[in-house]
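# Examining the three-dimensional arrangement
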Amino acid sequence: MTTTVFKPILPRKRPLWLLILGLMLVFGFHQERAKIQLNHYMEVMRQNPVLQELPQDARAAWWEANPQPKRIHYYIMESTWDGFHRYSLRELGWMKWGLSSLILIVFFGLDALFLRTTGHIERWPWLIVMYGLAGAIMAVFIALIPGKSGYSVAHEFLAFLQSPLPSLLIVLVPSLLERMQPPPAPPIKD
């Protein structure tokens, strides 16, 4: 009888992957908070066109005098980041897309590092496929479904990529499928 030896799914002897996973979660929380702050600031500027004409110090004073609280899931955002006051609405829009792209690149690197630290770096092509498919789906929804509906679907795919889920799926699913295979039949003796 032969026993199949499997590579550990998540190695216990080299727990560096736990640090990478923790880094992904902390970074994910803070990047989402930054994007929410930026989106809220842009929304308030669109609702109050007079803000777009004010200089930086006057805009900051307006925000101080007119707090714009917003409930976000489990907390209430009561203020904004002072750095936003120096940018126009158009510049903030470019900043939003640039920030999303930078965050996506960082998460791709963290996903690759997670694969490396778990001993599954040979699966990196799946990471490229996953990012490519999600990116294509996002582009299709943004291009073909105008407005909030298309943006919402694209946002969900972006949120998926900006989380530990891609690398966890790439590590766990093939490893579990491999373990579900029936053992090989013993050789036939003459």
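The notes below deal with the structure included here.

Take a nonpolar patch on the surface next. Where nonpolar side chains cluster on the molecular surface, the patch consists of Leu165, Leu169, Val173, Leu177 and Met180 and spans about 470 Å² of accessible area. With respect to the helices and strands, the residue Leu169 is situated in helix α7 (residues 165-180).

To continue, consider the environment of Gln52. Within the secondary structure, Gln52 is located in helix α2 (residues 50-53). Classification of Gln52 as partly exposed rests on a relative accessible area of 33%. Sequence separation between Gln52 and Glu122 is 70 residues; the distance between their C-alpha atoms is 50 Å. Contacts of Gln52, omitting those with residues within four sequence positions, involve Met45, Arg46, Arg59 and Leu89. Looking at Gln52, its side chain comes within polar contact range of the main-chain oxygen of Met45, at 3.3 Å.

Between helix α1 (residues 16-47) and helix α3 (residues 56-65), the least distance of the axes is 13 Å, while the angle of their chain directions is 95°. Classed by the angle they form, the pair α1 and α3 counts as roughly perpendicular. When α1 is examined against α3, the residues His40, Tyr41, Val44 and Met45 are found in contact with a partner set consisting of Arg59, Trp62 and Trp63. In the contact of α1 with α3, the residues fall into five nonpolar, one polar and one charged.

Going through the model one piece at a time under the given rule, you end up with three salt bridges. Glu32 is the salt-bridge partner of Lys35, the closest N and O atoms lying 3.8 Å from each other. Pair noted here: Lys35 and Glu32 are both in helix α1, with a separation of three residues, about one helical turn. On the basis of relative accessibility, which here comes to 9%, the residue Lys35 falls in the buried class.

Taking 1.5 Å per residue, 21 residues should reach 30 Å; helix α5 (residues 124-144) reaches 30 Å between its end C-alpha atoms and fits that length. Those residues of α5 that sit buried are Leu127, Met130, Tyr131, Ala134 and Met138. End-on view of α5: buried residues confined to an arc of 95°, all on one side of the axis. Exposed and facing more than 90 degrees away from the buried side of α5 are Trp126, Leu133, Ala143 and Leu144. Of the surrounding elements, those touching the buried residues of α5 are α4 (89-117), α6 (148-161) and α7.

What counts as what
- Residues numbered from 1 in each chain as written.
- Predicted model: local features only at pLDDT ≥ 70, side-chain atom pairs only at ≥ 80, totals over all residues.
- Heavy atoms only, no water.
- Patch = residues over 30% accessible without salt bridge, like charges linked within 9 Å, V, L, I, M, F, W, Y side chains within 5 Å.
- Areas by Shrake-Rupley, 256 points an atom, 1.4 Å probe, with all protein chains shown as cover.
- Salt bridge = Lys/Arg side-chain N within 4 Å of Asp/Glu carboxyl O.
- Helix = DSSP H or I, 4+ residues; strand = E, 2+ residues; numbered from the N terminus.
- Buried < 20%, exposed > 50% of the residue type's maximum accessible area, 1.4 Å probe, protein only.
- Contact = heavy atoms within 4.5 Å.
- Polar contact = N/O pair within 3.5 Å; in protein donor to acceptor, adjacent residues only side chain to side chain.
- Axes fitted to C-alpha atoms, helices over the stretch in contact; angles between N-to-C directions.
- Parallel < 35°, antiparallel > 145°, perpendicular 65-115°, else oblique.
- Nonpolar A, V, L, I, M, F, W, Y, C, P; charged D, E, K, R; others polar.
- Expected span 1.5 Å × (residues − 1).
- Arc of directions from axis to C-beta.

As far as function goes, none of this settles anything; it's purely spatial.
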